[in-house]
Amino acid sequence: MTNRTFTIIKPNAVGLGHTGEILEIIEKAGFRILALKMVCLSRSDTEKFYHVHKERPFFRTLNLFMTAGPIVVAVLEKENAVADFRTLIGATDPAKAAEGTIRKRFAESKTRNAIHASDSNENAAWEASFFFTDKEILETTYQLPVSPEEIDKD
Ligand code: GDP
């Protein structure tokens, strides 16, 4: 059964111009993009989104980093999406991330680690709803309503 996960391409990866490359890796790994947009987080958005980390020592710098520039948020679909996407991005600390993972390639440090991924189906649904309305998450697939010849005839 396919399910959904949620991702953030973080400010360093967006600012350094890696958005396209990261989306290419994601699509080539078999994830379908159901929703996608670029936004900026405020300090209070970041506090809400990362509320579970509020008391952690790294919370201040995480907040400073996440508000440092635009981010790209997306809802993704694939079989076993949550677990497979965690594998694709690699460990939180890039020094521990496996070869070939997105963090191994694009993360600069534990804080500036390029990408976020949901860690459960429940959190994926909550995180997606933090950024997108139900209507913005598109189930629709590409399907021509007539033959390709008909579309291309003019
Ligand atoms: P993730 O699921 O791999 O993103 O990790 P967590 O949910 O545990 O943490 C959220 C984010 O907080 C991580 O992606 C890092 O940017 C940051 N973070 C987590 N743990 C640490 C840490 O020990 N040190 C620092 N500096 N940042 C951390």
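Predicted model, so just to flag it, every value in this text is computed and none were measured.

Each value, and the rule that gives it
Residues numbered from 1 in each chain as written. Predicted model: local features only at pLDDT ≥ 70, side-chain atom pairs only at ≥ 80, totals over all residues. Heavy atoms only, no water. Buried < 20%, exposed > 50% of the residue type's maximum accessible area, 1.4 Å probe, protein only. Helix = DSSP H or I, 4+ residues; strand = E, 2+ residues; numbered from the N terminus. Arc of directions from axis to C-beta. Salt bridge = Lys/Arg side-chain N within 4 Å of Asp/Glu carboxyl O. Pairing = 2+ DSSP bridges. Axes fitted to C-alpha atoms, helices over the stretch in contact; angles between N-to-C directions.

(A) Region of the structure containing helix α2 (residues 19-28). Within the sequence span of α2, burial applies to Thr 19, Ile 22, Leu 23 and Ile 26. Angular distribution of buried residues about the axis of α2 spans 100°; they occupy a single face of the element.

(B) Structural view of the pattern of salt bridges. Following the criterion strictly, the structure yields 10 salt bridges and no others. The salt bridge involving Lys 28 is made with Glu 24; its shortest N-O contact spans 2.5 Å. A residue pair is termed a helical-turn pair when its members lie 3 or 4 positions apart in one helix, as Lys 28 and Glu 24 do in helix α2 at 4 residues.

(C) Highlighting the sheet that holds strand β3 (residues 71-79). Taking strand neighbours across the sheet as the criterion, the 4 strands line up as β2-β3-β1-β4 in an open arrangement whose pairing is antiparallel. Edge positions in the open sheet fall to β2 (32-39) and β4 (115-117), since each of these has one partner strand only. On average, each strand axis in the sheet is tilted by 20° relative to the strand beside it, whichever way the strands run. Pairing of strand β1 (residues 2-9) with β4 involves 3 bridges; the strand directions are antiparallel. Across the sheet, Ile 9 pairs through a bridge with Ile 115, a residue of β4.

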